[in-house]
Amino acid sequence: ELVGRARTVRRRFAVSGLVQGVGFRPFAYTTATGLGLAGSVTNTADGVAVEVEGCPDAVHEYGLRLREGPPLAVITAVEEREQEVRGTAGFRIEASTGGPARTLAAPDVAICDDCLGELRDPGGRRHRHPFISCVNCGPRYTIVTGLPYDRAATTMARFPMCGRCRAEYEDPADRRFHAQPIACHDCGPRLELILGPMTMTGADALSEARALLAAGRIVAVKGLGGYHLACDARNADAVAELRRRKRRGGKPFAVMVAGARTAYRIGVFTDRDRDLLAGARRPIVLVPRRSGGGLAGQVAPDSPDVGVMLAYTPLHVLLFGLPGDPPGPDVLVMTSGNVAGEPIVTDDADALRRLAGLADAWLRHDREIRVACDDSVVRGDVILRRARGYAPMPVPLPFAIGPSLAAGADAKNACAVGDGRSVWMSQHIGDMDDLSTVETLHTLAAHLGDIAGVEPKTLVTDQHPGYRSGCWARANAGGRPVRTVQHHHAHIAAVMAEHGLGAGERVIGIAFDGTGYGTDGAIWGGEILIAGYAGFERAGHVGYVPLAGGDASVRRTYRMALSHLRSAGVPWDPALPPVAACPEAERDILAHQLRTGLACVPTSSVGRLFDAVAAIAGVRQTVTYEGEAALVLEGLSRQAGGTAYPWKIDESGVADPGPLIRAVASDVLAGVPATLVGARFHAAVIDLIVTQAQRCRESTGLDVAALGGGVFQNAILLTGAVRELRDRGFVVLWPRLLPPNDGGIALGQLAVAGAA
Amino acid sequence: AGHGGGGAMSADLVRHLIVPGYGDAGGTAERDCAVVEAGGARLAFTTDAYVVQPMFFPGGSIGDLAVNGTVNDLAMAGATPLFLSAAFILEEGTPLADLGRITAAMGAAATAAGVRLVTGDTKVVGHGSGDGVYLTTSGVGVVADGVEIEPRRAAAGDAVLISGDLGRHGVAVLSRREGLEFATTVASDTAPLHGLVAAMLATGADLHVLRDPTRGGLAAALNEIAATARVGVELTERDLPVPDGVADACHLLGLDPLQVANEGRLVAFVRPDQADDVLAAMRAHPYGTGARRIGTCVAGHPGMVVARTALGGTRVISMPIGEQLPRIC
Ligand SMILES: [Fe+3]
Ligand SMILES: [Mg+2]
Ligand SMILES: [Zn+2]
Ligand SMILES: [Zn+2]
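Please read these numbers as outputs of a predicted model, since none were measured by experiment.

## Regarding the coordination of the zinc ion (ligand 3)
Residue and element names in this part refer to chain A.
Logical step 1: The protein atoms donating to the zinc ion (ligand 3) are C112 (SG), C115 (SG), C134 (SG) and C137 (SG), with metal-donor distances spanning 2.2 to 2.4 Å.
Logical step 2: Considering all four donor atoms around the zinc ion (ligand 3), angles at the metal cover 104 to 120° and the coordination shape is tetrahedral.
Logical step 3: Donor residues binding the zinc ion (ligand 3) come from one chain and are separated in sequence as C-x2-C-x18-C-x2-C.
Logical step 4: Residue classification places C112 among the buried positions, given a relative accessible area of 13%.
Logical step 5: We classify C115 as buried; its relative accessible area is 0%.

Shown next, in the form of C-alpha cells:
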C-alpha cells in the first residue's frame, strides 16, 4: 500500500427477511451514493443482494447502515463476502434475478415524517394531499390484490400516474421509487363527504367533516382498513349518542389524537408506550387515563384506562386540521364502523347502507380497501388485538411444517397459513357468531394463502364440536385432511413457537382462559399442561364446577357466582350481590340445574372464576361484552394490596376453588370493598400459578413456564406471575408477537399439527 | 352424552358407524323415512324408537308420540300413512296401569290419525335394565305419483314455512321430568300431520321439502336440509314464533328454543309463487292455524342457516351438538 492512496475494496451483502416491497433498493442506492460508494443492488429469490466498492471505512459503514435498513424492512440475516475489485463507477439498480421465491406483502404503515412535512409544506406539490405516501409509508396490505406486489396488483391500479408521479416512481434516487401507492392532487384518489343529499369534495369535504365533528355529530370516516365512526371525544352528548346508536353497552371506545402532546394530556405513557404511539405500526395504545384530561366519561365508562392512537393517515392529519385551519376537536372517538357483531365495513355502498342508522355523514374516497383490517391494540408488552400495522407479517417457526391452514378459534378469530418455517397470521377477524364474520374468515384464508404463496394441504381446527371455525374448515376441506388440536394445547404451543422452542422441547404450560373444549368433554380454562408440540399431559387444573346453560352463564355472571357458591358450600344469602341479582324463579331453577346437572357442563375456567368473583364482590352481575367483569375487576384491583385468598390443591393437581370462594363471600359479607377483594383474588391466581409451576418442576425437572390464554390480557396477573415465577428461578415465556387470547391460537394449531 | 341428542353427534354416529355397517344392504341416511317401490306401489316405510322420560307429560304420553311420530315421518315424505306396528320393551315392575294408559293413548292417536296398529311384539327386561317402557313403532304408507318431497329438493328462492309455534313439546317434557313448576302451562304439541300435508298438497303446489323438527328442534332440521341440498337458509329472527312460556323456560335454563324438540310441527320448503296458497291451506287446517313464513332458501352460504337479527346482524344458527356448550371465551 502506498501512503496517501486509499485502498479500494468490494463487498457483497446478501440480505434476507422482509426486504422486498419496502423500499430496500432505493435505500441501498441512496446510502451508497451518500457514502461515495459504487456498486449495484438487485432483488433475488432469497431477498436482496448488494455489492459496494470503495474505501474500507465507507464499506464498513455501509454494512452497518444496511443492517438497519429502511423503516419497513425486517432483516433476518446479512451475509457478507469479499469480492474482486472491479473498478466500476456509479451505483446501479439492476433487474431482479431469479424472481422472488415469495413476495411478501408488507403491513400498512403510518404516515412518515417526510410525508408529514410535505403535507404541511404550502410550497410543495403534495401540500394537503390526503393520500400522500412514499416508499416508507402508506397503505400496503389493505390495497394488495395479488402477486407480485406491483402497482397493477393494488387497488391503486385504477389511478394512472401523472407524468410527474411517474418520473418519481422511476427515479432510483427518489423516496417514491417504486412506491406503489404513489399519487398526487392531479392523479390520486378523490375525497368526498356525503351529507344527506349533498356531496362535497376535496378540501371542502374535510372542512365540513371537521365542522360536523365540532358540532357534536357522528361522521363515518374511511381509513386504511375500513370505516371508523368518529365523534368529538370531549363532547359527552356526542359520545353518549354514538354509544346509544352502536348499542355498545359499556365497552370502551378508542380515541385518536393529532399529536403526542395531546395524548400525554389524556393518558399516562411510559417510554415504551410513547414509542409505540408514534411508531410506524401506530396501534391503539392502552394506558391509564389521566384525571382531568377532559375526555367524556362515556368514552370508557367502566375502565380506568384509555386506548389512544395517533393519526396515522394523511387524511386523519388533515381531518384534525393543519395550523391556520378553523378549529375542530383535538381528540376523536374512533371506533370500528360496523353493526354490532359484524366485521368493520370497507365497501362504500355497504357503508352507506349498514351505517345508515349510525353516522350523520360519510367522509370517503375512491381508493378501494381490498381487505378489512381493524386497528391493533397494545398494552405494555402485550398485543391485545393484532391487525393493522402487524398483519400479515410472518412469524418465524422453529421447525419446518407442511403447507397448512389453521382456522383458529371462535372468539377473536384469526386464521393462519404456514409453510416451511413461516406462519402468516391473519389480522383479527372477530367473533364467529355472525355470518359476515364467517365469510370474512373464508375470504381472508384464501387471500392469505395467495399473498403468502401457500396452498394448504392440511387444515387444522379446534376440537370444540360446535365451533363455527371448525364447521367452516370441514365444509371447505375439499378432501384435504382436517386435524384438530386441543384449545389449551394450542395456546401453549403458540407461545412455544413464537419463542422459537425446538421440536423436542417441553414446558410447564399455564393456560388460563374463558372457554376451551377439553378432551373429556368439559369446558377447560384453568389448565396446567406439561406440553410439547406433539402432545401434552394435564398436570393440574382448577376444580370443576357446573356451568349451567351454556352461554347464559357467561352473559349472566351471577349464575356462575351462584354455581361457585354452591360448590363451595356457601349458602345463597341474599346479602350476597349475585344472589340478590338472580330473580327468584331463576334461582330455583338454577338450584335444580346445579343439583341434577340439567343442561350443565363441568368447567375449570379461570375466566368464569373471574366472573364469579366479580359478581360476588358486587362489581358486575351481567356483561355486555366478553371479559367485561374481569376487566372491571382488574381496574378496581390496581391500587389495593392484600393477602392472597387460599386454594386447596390435591396430589393430582386439582385446585379446589372452594376455600377461595368461601373467603371471598365472607369478606363481602363483612363489608370488605371490592377493590380489596379484587386485589386478594388477583394475588390468589398468581399464587396458584406459582404453586402449580413448582409442583410441575418437582415432578418433571422442567423450569420453563409458558403462559397463554385470554386471562393473561390481565396486566396485574401477567406482571405478577412473571415476577413471582422469575423470583423462583423459572424462565417465563408469554405471548409477545401475538395476542394471549384466542387471536393467537392459530399459530399453536399449525405448530402442533406440523410437529406431529 | 351427546350421541342421542339429535344433533351433530347422533348424525355422525348414523353416518360413520351404523350405515357403513350395513354395507351393500343399506340405503342412505338422508331422512327419517324411506320411499321404496314394491309390487308396483310407492311405499313409504319408517321406524322409530321412543325413549321418553317421563312417559306422561302435559299434552300427551309416550303412546301419542309413538303413533304421531311415525305417522309424521311418513307424512314428511308426502305419504298417506296406513299401517303401524308396535314393539314394547317393558321393564319389570312397570305398573300395568301405566301400560294400559299408554296403549289406550296409542289407540286413540291411531284412530284420530286414521291408521291401524296391525302387528307388534312385547319383551320384558329385568328391573334396572330399562326405564319403564321403551316403544318402537314402524309404519307403512303410500305415496301418490308425482309427489317428490325430499331434503335435496330445497332450492334457492323457496319460501320456508312453519306450521306453528316452536318448542312446546321439549319444554313440556322437561318441565314434567324435572318437576319445574314454572312451565306447567306449556303442553306438548304432539299431533299427526298427514292431514295437514294432504291439505297442502291439495293446493296443487310442488312441495320441495317437508320436515318435522323433532329432536334438535328447528335448528337441526334446517341445518340438515341445508347440508343435504347444499343451500343456505335465511330466517328472520323476529318472525320465529316462540311462545312466552317456552321463551321464559329457555331463558331461565339457558337453552336455545330453536334447539328444543317439537312433535306436532312441520317446516316446509315451497316455491315462492305457491307459498301464499300453501300458507292459506295450512292456516285453514286445525294443526296449521299458527302457520307462517319464517325465511327463505338462498344460494349463498351453502350448508349454513342464519337469522337476521333486530340489530341488523346475521346470526349463524348452528347444528345443535347434543349438549349446551358455551362457545364464548
Ligand atoms: Fe382460549
Ligand atoms: Mg323418525
Ligand atoms: Zn412517507
Ligand atoms: Zn400524480
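Let us keep going from here.
## A short note on the pattern of salt bridges
Residues and elements named next belong to chain A.
Logical step 1: For the structure shown, the criterion picks out 58 salt bridges over all chains.
Logical step 2: Here E80 and R11 are joined by a salt bridge, their closest N and O atoms 3.3 Å apart. Of the two residues, E80 is situated in strand β4 (residues 74-83) and R11 in strand β1 (residues 9-18); the sequence distance between them amounts to 69 residues.
Logical step 3: Owing to a relative accessible area of 36%, E80 belongs among the partly exposed residues under this scheme.
Logical step 4: Notably, a salt bridge pairs E51 with R12, separated by 3.1 Å at the nearest N-O pair. Residue E51 is found in strand β3 (residues 47-54), and its partner R12 is found in strand β1; the two are separated by 39 residues along the sequence.
Logical step 5: In this structure, a network of salt bridges that share partners links the residues R10, R12, E51, E53 and R86.

## Here's the deal with the coordination of the zinc ion (ligand 4)
Residue and element names in this part refer to chain A.
Logical step 1: At this site the zinc ion (ligand 4) is bound by C162 (SG), C165 (SG), C184 (SG) and C187 (SG), with donor distances of 2.2 to 2.3 Å.
Logical step 2: Geometry at the zinc ion (ligand 4) is tetrahedral, judged from the four donor atoms that bind it and their angles of 105 to 118° at the metal.
Logical step 3: In terms of primary sequence, the donors binding the zinc ion (ligand 4) are separated according to C-x2-C-x18-C-x2-C. Residue C162 is located in the loop between α3 (113-120) and α4 (163-170), and its partner C187 is located in the loop between α4 and β6 (191-195); the two are separated by 25 residues in the primary sequence.
Logical step 4: Relative accessible area serves as the criterion here: at 16%, C162 is assigned to the buried category.
Logical step 5: For C187, a relative accessible area of 9% gives the class buried.

## Some remarks on helix α22 (residues 715-727) of chain A
Residue and element names in this part refer to chain A.
Logical step 1: Between its first and last C-alpha atoms α22 spans 18 Å; for 13 residues at 1.5 Å apiece the expected length is 18 Å, and the two agree.
Logical step 2: When α22 is considered as a whole, its buried residues turn out to be L717, L718, G720, A721, V722 and L725.
Logical step 3: On the buried face of α22, the contacting elements are β16 (382-385), α18 (606-616), α21 (674-700), β28 (704-708) and β29 (731-733).
Logical step 4: Two residues or fewer past α22, G729 is found with a positive phi of approximately 85°.

## Notes on the packing of aromatic side chains
Residue and element names in this part refer to chain A.
Logical step 1: Following the criterion strictly, the structure yields eight aromatic pairs over all chains and no others.
Logical step 2: Plain terms: the ring middles of F399 and Y533 are 4.8 Å apart, the flat faces sit at 75° to each other, and that makes the pair edge-to-face. In this pair, F399 is assigned in strand β17 (residues 394-406) and Y533 in the loop between β22 (523-531) and β23 (536-542), connecting sequence segments 134 residues apart.
Logical step 3: Judged by its relative accessible area of 10%, F399 is buried.
Logical step 4: Between F512 and F712, the ring centres sit 6.0 Å apart and the planes meet at 15°, which makes this aromatic pair stacked. Placement of the pair is F512 in strand β21 (residues 507-517) and F712 in the loop between β28 and α22, with a sequence separation of 200 residues.

## Thoughts on the nonpolar core
General note: in soluble globular proteins, nonpolar side chains tend to be found buried as a group.
Residues and elements named next belong to chain A.
Logical step 1: Judged by nonpolar contacts, the single largest core of 142 residues is most densely connected at V50, Y62, L193, L363, I510, F512 and L707.
Logical step 2: Considering each element in turn, this core owes the most residues, 10 residues, to α21.
Logical step 3: What Y62 contacts, discounting residues up to four positions off in sequence, is F13, A28, T31, A32, L35, L37, V50, V52 and F91.

## Quick word on the domain arrangement of chain B
Residues and elements named next belong to chain B.
Logical step 1: Domain boundaries in chain B define domain 1 (31-143) and domain 2 (151-317).
Logical step 2: For domain 1 and domain 2, the distance between their C-alpha centres works out to 23 Å.
Logical step 3: The interface of domain 1 with domain 2 comprises 22 residues on the first partner and 21 residues on the second.
Logical step 4: Each partner contributes to the roughly 1,800 Å² buried at the junction of domain 1 and domain 2, and carbon and sulfur atoms together form 64% of this total.
Logical step 5: Three residues stand out in domain 1 for area buried against domain 2, namely P58, N72 and M76, and they jointly supply 33% of the buried area on that side.
Logical step 6: Elements supplying a minimum of two residues to the side of domain 1 that touches domain 2: β3 (56-57), α2 (62-75) and β5 (79-91).
Logical step 7: Split into classes, the residues belonging to the side of domain 1 that touches domain 2 amount to 12 nonpolar, six polar and four charged.

## Details of the sheet that holds strand β10 (residues 232-236) of chain B
Residues and elements named next belong to chain B.
Logical step 1: An order of β9-β11-β8-β12-β10-β13-β14 is seen for the seven strands of this open sheet, with the pairing classed as mixed. The strands lining the two open edges of the sheet, one partner per strand, are β9 (207-211) and β14 (314-317). Each strand axis lies, on average, 25° off the axis of its neighbour in the sheet, ignoring direction.
Logical step 2: In this structure, strand β8 (residues 159-162) lies alongside strand β11 (residues 267-270), joined through four bridges in antiparallel fashion.

## A word on the sheet that holds strand β13 (residues 331-336) of chain A
All names here are of chain A.
Logical step 1: Taken together, the 11 strands give an open sheet; going across it, the order is β7-β6-β14-β8-β9-β13-β10-β12-β11-β15-β16, and neighbouring strands pair in mixed fashion. Whereas interior strands pair on both sides, the edge strands pair on one side only; in this sheet they are β7 (198-201) and β16. The average angle at which neighbouring strand axes cross in this sheet is 30°, direction not considered.
Logical step 2: Two strands pair when backbone bridges link them, and strand β8 (residues 219-222) and strand β9 (residues 227-232) are joined in this way by four bridges, in the antiparallel orientation. Paired with A220 across the two strands is L229, which belongs to β9.
Logical step 3: Each of β9 and β13 touches helix α6 (residues 236-246); the most contacted strand, β9, lies at about 145° to it.

## Concerning the interface of chain B and chain A
Logical step 1: The interface of chain B with chain A comprises 27 residues on the first partner and 46 residues on the second.
Logical step 2: When the two sides are added together, the surface that chain B and chain A hide from each other amounts to roughly 3,200 Å², 62% of it contributed by carbon and sulfur.
Logical step 3: On inspection of chain B and its partner chain A, the count reaches zero salt bridges.
Logical step 4: Viewed at the interface, chain A and chain B are joined by 10 residue pairs in polar contact (both at pLDDT 80 or more).
Logical step 5: At the level of secondary structure, the elements contributing two or more residues to the side of chain B that touches chain A comprise α4 (168-178), α7 (244-253) and β14 of chain B.
Logical step 6: When the residues that make up the side of chain B that touches chain A are grouped by side-chain class, the tally is 15 nonpolar, eight polar and four charged.

## Thoughts on the domain arrangement of chain A
All names here are of chain A.
Logical step 1: Taken as a whole, chain A is organised into domain 1 (9-93), domain 2 (191-379), domain 3 (393-503 + 742-755) and domain 4 (543-702).
Logical step 2: Look at where the C-alpha atoms of domain 2 and domain 3 centre, and you get two points 31 Å apart.
Logical step 3: With nine residues of domain 2 in contact, the opposing surface of domain 3 contributes 10 residues.
Logical step 4: Together, the buried faces of domain 2 and domain 3 total about 720 Å²; carbon and sulfur atoms form 54% of this surface.
Logical step 5: Sorting the residues of domain 2 by area buried against domain 3 places P343, R370 and V371 first, and these three jointly supply 49% of that buried surface.

## Regarding helix α23 (residues 745-755) of chain A
All names here are of chain A.
Logical step 1: Summarising burial for α23: nine of the 11 residues are buried, a large majority.
Logical step 2: All buried positions along α23 are accounted for by I745, A746, L747, G748, Q749, L750, A751, V752 and A753.
Logical step 3: At its buried positions, α23 is contacted by β17, β18 (416-425), β19 (458-462), β20 (482-485) and α13 (487-498).

## Things to note about a nonpolar patch on the surface
Residues and elements named next belong to chain B.
Logical step 1: On the surface, a cluster of nonpolar side chains totalling about 440 Å² of accessible area is made up of L13, V14, L17, I18 and Y22.
Logical step 2: With respect to the helices and strands, the residue L17 is situated in helix α1 (residues 8-22).
Logical step 3: Looking at L17, the relative accessible area reads 58%, which means it is exposed.

## A word on the side chain of S175(B)
Residues and elements named next belong to chain B.
Logical step 1: Inspection of the secondary structure assignment puts S175 in helix α4.
Logical step 2: Residue S175 is classed as buried on the basis of its relative accessible area, which comes to 4%.
Logical step 3: A polar atom in the side chain of S175 sits 2.9 Å from the backbone oxygen of A172.

About the thresholds
- Residues numbered from 1 in each chain as written.
- Chains lettered and ligands numbered in written order.
- Predicted model: local features only at pLDDT ≥ 70, side-chain atom pairs only at ≥ 80, totals over all residues.
- Heavy atoms only, no water.
- Donors = N, O, S within 2.8 Å, 3.2 Å for Na, K, Ca; no water.
- Tetrahedral: all angles 85-135°; square planar, octahedral: opposite > 155°, others 65-115°.
- Buried < 20%, exposed > 50% of the residue type's maximum accessible area, 1.4 Å probe, protein only.
- Salt bridge = Lys/Arg side-chain N within 4 Å of Asp/Glu carboxyl O.
- Helix = DSSP H or I, 4+ residues; strand = E, 2+ residues; numbered from the N terminus.
- Expected span 1.5 Å × (residues − 1).
- Contact = heavy atoms within 4.5 Å.
- Phe/Tyr/Trp six-rings, centres within 6.5 Å; stacked < 30°, edge-to-face > 60°.
- Core = buried A, V, L, I, M, F, W, Y, C linked by side-chain atoms within 4.5 Å.
- Domains from an automatic or database assignment.
- Buried area = accessible area lost by both parts, 1.4 Å probe.
- Nonpolar A, V, L, I, M, F, W, Y, C, P; charged D, E, K, R; others polar.
- Pairing = 2+ DSSP bridges.
- Axes fitted to C-alpha atoms, helices over the stretch in contact; angles between N-to-C directions.
- Polar contact = N/O pair within 3.5 Å; in protein donor to acceptor, adjacent residues only side chain to side chain.
- Patch = residues over 30% accessible without salt bridge, like charges linked within 9 Å, V, L, I, M, F, W, Y side chains within 5 Å.
- Areas by Shrake-Rupley, 256 points an atom, 1.4 Å probe, with all protein chains shown as cover.

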